[in-house]
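# Geometric and topological summary
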Amino acid sequence: MLLRNATVATMTNGPAYGLIENAAVAVEGGVVCWVGPETDLPTDHDIPGEDMAGRLITPALIDCHTHIVHGGNRAGEFEMRLNGASYEEVARAGGGIVSTVRATRETSEAELLSGALRFVDALLAEGVSVIEVKSGYGLEVETELKMLRVARAIEGQRRVRVKTSFLGAHALPVEYQGRAADYIAQVCLPALEQANAEGLVDAVDGFCEGIAFSVEEMRPVFEKAHTLGLPVKLHAEQLSNIGGTQLAAEFGALSADHVEYADESDAMALAKSGSVAVLLPGAFYTLHETQVPPVAAFRKHGVPMALATDCNPGSSPLASLLLVMNMGCTLFRLTPEEALAGVTRHAAQALGLDDTGVIAPGKRADLAVWDVGRPAELAYRIGFNPLYRRIFGGEG
């Protein structure tokens, strides 16, 4: 494959967007073998190719934080919040995550897969090539495994890569209320061991928050992940600051996610550990939050910032990564370049992927071709999808 007469945002480190005007991209064997100004095209790649008519080519987008495998929906709780109930009040009344747990336990694998594919298709239509999918709505061994099996099955149904995260430490099921340590020991850790034995886990996640698990309750989960050779991630500092980001940094986490209540010391810890801060403006927007992530501190200390949909049935019923880019700019004051890096290069880093997220020789040819004149247009428009073509592994 040779794509000619294009503007290419390589998203590699360097000039803004790694932008190359009047460019060409050569692909062989599913990987990029050359990219640069078309006037410099090597003679062995000088074939007619395909004229992109000046369109923009970027790395295919990556959604690095989703909960798309779940049963039911929480539209009723959406109404409750609009009538004045807080997220914490809804959760303490038996709603929130626990209500989705009930629905997910009662839903078959086939139904869960069918439901998840609706969200997958929406993301693919926006040029997405990689989707992270979490468990966490089972909170019992078999349902956690069921969710992860469904997540793995997505790749057999669609041309997309899926990275799974075991999120057994997501919430306390009603049968373990007040017994968090027992739940971790009797359900979460055995489920993790079995899921890993079945090859269902790429990373281990948790929800470290006042309405979920404390730092000390999360620690044995991360220690087990370390023993199993699995990387960790963490929902941290979403509603308060209880030390989750510091725990994530201590274990060299791939990412700390949400982080609205993180502070400069947290930013310094993430910078030292090489972890990514995954910002989730969909949840911030849906929950009417006012505490924004410490973007200036992340910039100051060189913490990579990713963006993701957090697509879930409650706090972020959002399945548009393009809208997330706009929200990252308008709500969190990211620049359009930071937003695009957040759904390409830094999103790949948040999943531990080093073969995608940029356009460079040797990287996977996962590309998105857009009917736009400049990269900033991807974050600028609202409710508009300019995707012209999605290329996955050199095909498409």
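Keep in mind it's a predicted model, so treat the numbers as computed, not measured. (Residues numbered from 1 in each chain as written. Predicted model: local features only at pLDDT ≥ 70, side-chain atom pairs only at ≥ 80, totals over all residues. Heavy atoms only, no water.)

## Description of the UniProt feature "domain: Amidohydrolase-related" (unreviewed entry) in the protein
Heads up, the rule is: UniProt positions are given in the numbering used here, feature names are shortened, and annotations may be inferred rather than shown by experiment. Strands are runs of DSSP state E lasting at least two residues, helices are runs of H or I lasting at least four, and both sets are numbered from the N terminus onward.
Those places that UniProt annotates as "domain: Amidohydrolase-related" (unreviewed entry) correspond, in this numbering, to residues 57-374. Here residues 57-374 runs as 45% helix and 15% strand, with 10 Å between its end C-alpha atoms.

## As for the packing of aromatic side chains
Just so we agree on the cut-off: Classification of ring pairs rests on two measures: the distance between centres of Phe, Tyr or Trp rings, Trp counted by its six-membered ring, which must be within 6.5 Å, and the angle between planes, read as stacked under 30 degrees, edge-to-face over 60 and tilted in between. Categorising residues by exposure relies on relative accessible area from a 1.4 Å probe, with only protein chains included: less than 20% of the type maximum marks a residue as buried, more than 50% marks it as exposed, and the intermediate range marks it as partly exposed. Only when the NZ atom of a Lys or the CZ atom of an Arg is both within 6 Å of the ring centre and within 35 degrees of the ring normal do we say a charge sits over the ring.
Here the structure, examined in full by the defined rule, presents 4 aromatic pairs. Between the aromatic rings of Tyr183 and Phe213, the centroid separation amounts to 6.1 Å while the plane-to-plane angle is 25 degrees, which identifies the pairing as stacked. Highlighted residues: Tyr183 in helix α6 (residues 180-197) and Phe213 in the loop between β9 (203-208) and α7 (215-228), separated in sequence by 30 residues. Ring geometry for Phe222 against Phe251: centres 5.4 Å apart, planes inclined by 70 degrees, an arrangement best described as edge-to-face. Here Phe222, found in helix α7, pairs with Phe251, found in the loop between α8 (244-250) and β11 (255-258); they are 29 residues apart in sequence, far enough to count as distant. Classification of Phe222 as buried rests on a relative accessible area of 0%. Residue placement shows Arg55 over the ring face of Tyr388; its charged tip is 3.7 Å from the ring centre. The ring of Phe392 is capped by Arg364, whose NZ or CZ atom sits 4.9 Å from the centre of that ring.

## A few points about the UniProt feature "binding site: Zn(2+)" (unreviewed entry) in the protein
To keep things clear, this is the line we draw: Whether two residues touch is decided by their heavy atoms; if any such pair falls within 4.5 Å, the residues are in contact. Counted as a polar contact is a pair of N or O atoms within 3.5 Å, where, for protein atoms, one must be capable of donating a hydrogen and the other of accepting one, and residues adjacent in sequence contribute only when both atoms are in side chains.
With numbering matched to this structure, UniProt assigns "binding site: Zn(2+)" (unreviewed entry) to His65, His67, His235 and Asp310. Annotated residues spanning 246 residues; largest pairwise C-alpha distance 12.4 Å, indicating a single compact cluster. Tracing the chain through its elements places His67 in the loop between β6 (61-63) and α1 (75-82). Filtering out sequence-adjacent residues up to four positions away, His67 remains in contact with Lys134, Ser135, Tyr137, Leu167, His170, His235, Asp310, Cys311, Asn312 and Pro313. A distance of 3.2 Å separates the side chain of His67 from the side chain of His65, its partner in a polar contact. Beyond its immediate stretch of four places on either side in the chain, His235 contacts His65, His67, Lys134, Leu167, Asp205, Gly206, Phe207, Cys208, Asp257 and His258.

## Here's the deal with the pairing of strand β3 (residues 31-37)
Filter applied, for reference: Think of it this way: DSSP has to see at least two bridges between two strands before they count as a pair.
Strand direction decides the pairing type here: strand β2 (residues 19-28) and β3, joined by 6 bridges, are antiparallel. Directly across from Ala24, in β3, lies its bridge partner Gly36.

## Points about the nonpolar core
Note the cut-off: The nonpolar core is taken to be a set of buried Ala, Val, Leu, Ile, Met, Phe, Trp, Tyr and Cys residues, with the residues joined through side-chain atoms within 4.5 Å. All the domain ranges listed were derived from an automatic or database domain assignment.
Counting residues in hydrophobic clusters, the biggest one holds 99 residues, and the most contacted among them are Ile154, Leu279 and Phe298. A total of 9 residues in this core trace back to one element, the largest contributor, which is α6. A domain split of this core shows at least three residues from each of domain 1 (2-59 + 357-391) and domain 2 (61-351). Once you skip the residues sitting within four places of it in the chain, Ile154 turns out to touch Ile68, Val69, Leu113, Ala116, Leu117, Val120, Val133, Val160 and Val162. Residues Leu3, Ala23, Val35 and Leu367 belong to the second largest nonpolar core, which totals 16 residues.

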